[in-house]
Every structure is written in C-alpha cells, then in structure tokens.
Amino acid sequence: MARILILGGGFAAVAAAEMLSDAASDHHEITLVSNSHDFTFFPALVPLVFGNFKPDEVHFDMRPKLVDRHIRFVEGEVIGIEPDLRRVRINGDDIEGFLHFDYLLIAMGRGLGTDKTPGFVKYAHHLLGVGPALKFKKAIGDFGSGSIVVGLCPDAFLPVPVCETAFALAAKFEREITAKEVSVTVVFPSTLETAFAGSTLFRDLEGEFERLGVKLVSDFPIDRIGERSIFSKLDSRIDYDLLMLIPPFRGQKSLEQIIPFADEFGFADVNDLMQVKGFDRIYAAGDIVALPGPRFGYMATRQAKVAATNILAQLQNKEPTAEYSHKIAWAINEKYTDPIYFHYGFWDETLDDFDEKVFFGMAKRIRDHYGHVKAQKEKTEIAAAAGRKK
Ligand SMILES: Cc1cc2nc3c(=O)[nH]c(=O)nc-3n(C[C@H](O)[C@H](O)[C@H](O)COP(=O)(O)OP(=O)(O)OC[C@H]3O[C@@H](n4cnc5c(N)ncnc54)[C@H](O)[C@@H]3O)c2cc1C
C-alpha cells in the first residue's frame, strides 16, 4: 500500500484527488491536506459581485465528498516539505507534526505578496475569496460618484478578473460615465499584451475599453497605495475613490526554503510529466507551478490530471508517460449575465469531464444555469461576440 499525499484543496488538488480515488483508493492511502475545508470556485467571484449568484453557489465544504471517496482529509497549514525524508510538516488542529508520503502532489496555489505593496491591505479591495468579493460588492452598491480604479499589481498573474471587473463597472455605471459623474480606470504594470502573455485578445480589449469609456493605463507598476491615490515606481500618481486590485503573487514559503524545489520566487519547477525537477515521485500542479503567463483553473486541472495519471502508472510499476502541454485558450461569452464576463477553459470543455456528483458538478450546474460557453478562439469571432453585447 502506497501513501499518496496531496497538498492543497483547490482546483488542482481536487481534480487529482478525484482521479486518484477512482483508481487507487481501494489499495492505497490517499490523504488531502488543506488549510481550509472550503472549496472556492474563483471564476464565479466577479459574477458574484455583479451578477445574481448567491455565495452558497460558489463555495462549499468539501469534507463529505472526500469521505465518500475514501480520501482522508487533514485540515492544517503545510509549513515545510522534506523531500529526502519523504515527509511534510503540518501545523493544524488535526495534526501538529509530520505526514509521510510515497507520492506527493504539491497543489497549494499561489501565495500572496501583499507585503510587497505597502497600503494594499488597508486601502484596496480584492477578489481572492468570497468574503472580500462580497465586501467589494457592498462598496460598489454604496458608490455614488467619483473615480473607480481597478488593476493588476506587478507580479500578479490574473489579468482576466481585472478586465471583467472594468467591463462590469462600465455596464453598471454606463449613464454616470457618459454624464462624467463616474470614471473607470484600468491599470496594468506593463502592456496588456504582456499581461495576456502575447495573446491577440488584448487588441480587442483595448477597443472595448475605449468603446465603453474605460480609461486604460499601461506601464504603471503600482509601488504603494495611499488613502486616495496609487503611486507607481516612478512616482506617478492616480487618484481613486474606490480601488480594486489583484495583489502581487509569490510561490509558497514552504517551497522557498527547499532548493531545488522552487525557482527564486517560490514556484515549483516541473518537467513535462509535472514532476518537480529532480524528484520522480514528487509532482506539482496549478498556480504553484513555475510556468510563463497568466494562471488558470483549467490549466490547474489539466496539470493535476497529468500528475495523477503518472502517479497511477508508477503505482503499477510502469513508466510515467503522460505529458502536459502549456496552452492558453480563450472564449468570451456575452450571454452569461448582463455585463461581459470572460470564460475560458474551465467553463467549457473541461467541465464535460466531470459528472454532477463530483466536486466540479457545482461548477457544471452554474454553467448550465447561466448558459453554455462556446470557445471562440479566432480574433474575429471574439470581436463579433464583444460587439453583440450592449
Ligand atoms: C477572481 C478570480 C477569477 C478567476 N477566473 C477564472 C476563470 O474564469 N477561469 C479559469 O480557468 N481560472 C480563473 N481563475 C484562476 C483560477 O481560480 C486558479 O488558476 C485556480 O484556482 C488555481 O488552482 P490551484 O489548485 O492551483 O490553486 P487554488 O484553487 O488557489 O487552491 C489552493 C489550495 O491550497 C490551499 N493552501 C494554500 N496554502 C496552503 C498551505 N500552506 N497549507 C495547506 N493548504 C494550503 C488553499 O486553501 C486552497 O485550497 C480566477 C481566479 C480568481 C481569483
């Protein structure tokens, strides 16, 4: 019997746990460790702010489903990984000490680098959980007139919620923007092209921002935040009355300590098999992985499936051969709710792999209720979809 240890309780961890439990829970011990028993479906957070979602539709307690699948759940913080001793140090109510493993999947997502941007915690709204999203929703509801700034801090790799939020604000305050009572500004640390890893979608975004009266500010690496202004590294300033930012990300501290596990920022360096370089029984998947460009849930689940497939092969004494290919696919869906939301990967074909009873059944129900997404990867089709909105 092998001990399979999964670190994290998000997209990558849950996708791998599901696949491993289907094939291996009768003969092997599968344990999932997360600092929260709550699973949050992040792609629904912007729609939670602007649409008609209820909080219970976008997060749930994953423990009963884990029990059903014979997966042991440990609630605790991972504070260290010792690859040579094949053990992980946990700090939590369930366990204060070590868990040993034969196979390890590191899927703890991104760490936050809010300390890199002084003033962030005090002044900025963000969208990295249900609580903060609801707080932002209330602030928008209370907003009368003035300047709304949304943006991406340097080292943040989530441009999509920023753009979605700008479009949703433009739709909500359409009359006030025309009357010059409200302004919406969207701020990027570099160019839009860089934020979207060279995808041609950025050209359509520029046009859409202009059409909707959203001011686009590029090359503004936010350095610090004051009570009413954000400042760039070069000391230029943008004033705001309401601010929503995606904070800087970093890898996980427990990885940073372990060279060669992590790159210089604490993200896990992996090969095509999703094995952490130098360790054939330690895998990583999801936002924690050091790969270029923005990070997405659909990438996390695909990486997790590659890792799980390879672990299953090794359990049968076979060579791991499943490989991950890193691609960015886009889709815009204009009929989701009133404002424009981007949906990509996770909302469309990835969900077809999951049936209603499993973890992502919730996401599938959301999609079925609010409308299917057709992947539209051609630039012209994307432009046409955006034009039909209004
Ligand atoms: C507002 C927003 C909108 C988004 N929209 C989309 C979208 O439309 N489509 C899309 O594909 N992607 C979208 N994403 C990105 C997507 O949510 C992420 O790429 C995805 O969540 C990454 O999955 P993950 O499993 O790597 O990390 P996560 O889902 O973040 O899971 C990490 C897990 O690890 C746990 N954890 C973290 N640190 C520790 C620790 N030290 N010890 C124990 N447990 C720990 C956390 O509690 C969590 O359970 C969006 C993200 C946000 C924030």
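See the structure shown above.
For the structure given in this document, a descriptive report is provided here.

What counts, and at which threshold
Residue indices follow the written sequence of each chain, beginning from 1 at its first position. Side-chain atom pairs in this predicted model are given and counted only at pLDDT of 80 or more, local residue features only at pLDDT of at least 70, and totals for whole chains, interfaces and linings cover all residues. The basis for every side-chain value is the complete set of heavy atoms in the structure, and neither hydrogens nor water enter the calculation. When DSSP finds two or more bridges between a pair of strands, those strands are recorded as paired. The way it works is that DSSP assigns letters per residue, a run of H or I at least four long becomes a helix, a run of E at least two long becomes a strand, and they are numbered from the N terminus. Geometry is summarised by axes, namely lines fitted to C-alpha atoms with helices restricted to the contacting stretch, and by angles between N-to-C directions that run from 0 to 180 degrees. Ring pairs are drawn from Phe, Tyr and Trp, using the six-membered ring of Trp, whenever the two centres fall within 6.5 Å, and their geometry is named by plane angle: stacked under 30 degrees, edge-to-face over 60, tilted for the rest. Accessibility here uses a 1.4 Å probe with only protein chains present; expressed as a share of the type maximum, an area under 20% marks a residue as buried, one over 50% as exposed, and anything in between as partly exposed. The criterion for a charge sitting over a ring is simple: Lys NZ or Arg CZ within 6 Å of the ring centre, and within 35 degrees of the ring normal. Here, nonpolar core means buried Ala, Val, Leu, Ile, Met, Phe, Trp, Tyr and Cys residues that are tied together by side-chain atoms lying within 4.5 Å of each other. Segmentation of the chain into domains, including their bounds, is taken from an automatic or database domain assignment. Two residues qualify as a contact provided that any one of their heavy atoms is within 4.5 Å of a heavy atom in the partner residue. The length a helix should cover is 1.5 Å for every residue beyond the first. By convention in this text, a residue qualifies as near a molecule or strand provided that one of its non-hydrogen atoms is within 4 Å of it. Polar contacts here mean pairs of N or O atoms no more than 3.5 Å apart (in protein, one a potential hydrogen donor and the other a potential acceptor; neighbouring residues in sequence count only if both atoms are side-chain atoms). Using the Shrake-Rupley algorithm and a 1.4 Å probe, accessible areas are obtained, with residue cover drawn only from the displayed protein chains. Note on handedness: a clockwise path from strand one over the helix to strand two, with the strands aimed away from the viewer, defines a right-handed crossover.

The next point concerns the sheet that holds strand β16 (residues 237-239). Within a sheet, each strand pairs with its neighbour through backbone hydrogen bonds, oriented either parallel or antiparallel. Strand order in the open sheet made by the 3 strands is β14-β15-β16, with antiparallel pairing throughout. Strand pairing shows two members of the sheet lacking a second neighbour, β14 (222-225) and β16, which therefore form its edges. Strand-to-strand twist in this sheet, taken as the mean axis angle between neighbours without regard to direction, amounts to 25°.

What follows covers the packing of aromatic side chains. Counted by the stated rule, this structure contains 8 aromatic pairs. Summarising the aromatic geometry, the rings of F11 and F39 are spaced 5.5 Å apart at their centres and angled 35° between planes, so their arrangement reads as tilted. Of this pair, F11 sits in helix α1 (residues 11-24) while F39 is found in strand β3 (residues 38-40), placing the two residues 28 residues apart along the sequence. Judged by its relative accessible area of 8%, F11 falls in the buried class. The class of F39 is buried, set by a relative accessible area of 0%. Consider the rings of F143 and F173, whose centres lie 5.9 Å apart with planes at 75°: the pair is edge-to-face. Here F143 is found in the loop between α6 (130-142) and β11 (146-152), whereas its partner F173 is found in the loop between α7 (159-172) and α8 (174-178), with 30 residues between them in sequence. In this structure F173 comes out as buried when scored by relative accessible area, which is 4%. Chaining the aromatic ring pairs together yields one cluster made of F11, F39, F41 and F60. The aromatic ring of F98 is capped on one face by R87, whose charged end is 3.6 Å from the ring centroid. Above the plane of the ring of F267 lies R295, whose end atom (NZ or CZ) is 5.0 Å from the centre.

In terms of nonpolar packing, the biggest core is built from 110 residues, with L7, L32, V88, L104, I106 and F209 touching the most fellow members. Looking at which element gives the most residues to this core, the answer is helix α12 (residues 297-315), with 10 residues. Counting only domains with at least three residues in this core, you end up with domain 1 (3-49 + 60-110 + 251-315) and domain 2 (113-249). Setting aside anything within four residues of it in sequence, one finds L104 in contact with L5, L7, I81, V88, R281, I282 and Y283. Membership of the second largest hydrophobic core comes to 14 residues, among which are F120, V187, I238 and Y240.

For α1, spanning 14 residues, the distance from its first C-alpha to its last is 20 Å, which sits close to the expected 20 Å at 1.5 Å a residue. Burial runs high along α1: 11 of the 14 residues are buried. Where α1 is buried, its residues meet β1 (3-7), β2 (29-34), β3, β9 (103-106) and α12.

Moving on to the site of the ligand. In the vicinity of the ligand lie 31 residues, with A12, N35, V78, D287 and G297 positioned nearest. Separating an oxygen atom of the ligand from a backbone N or O atom of F11 is a distance of 3.0 Å. Between the ligand and the protein, one listed contact pairs an oxygen atom with a backbone N or O atom of D287 at 2.8 Å. Taking 1,000 Å² as the accessible area of the ligand by itself, protein coverage stands at 94%. Elements supplying a minimum of two residues to the shell around the ligand: α1, β6 (77-82) and α12. In terms of residue count, the dominant contributor to the shell around the ligand is α12 (3 residues). Counting the residues that make up the shell around the ligand, at least three belong to each of domain 1 (3-49 + 60-110 + 251-315) and domain 2 (113-249).

For β1, a buried count of 4 out of 5 residues is recorded, marking the element as mostly surrounded by other parts of the structure. Bridge count between β1 and β2: 5 bridges; the pairing is parallel. Pairing of I6 across the sheet is with L32, part of β2. In this fold, β1 hands off to α1, which returns the chain to β2; that crossover is right-handed. Pairing analysis gives 4 bridges linking β1 to β9, with the strands arranged parallel. Opposite I6, over in β9, you have L105 as the bridge partner.

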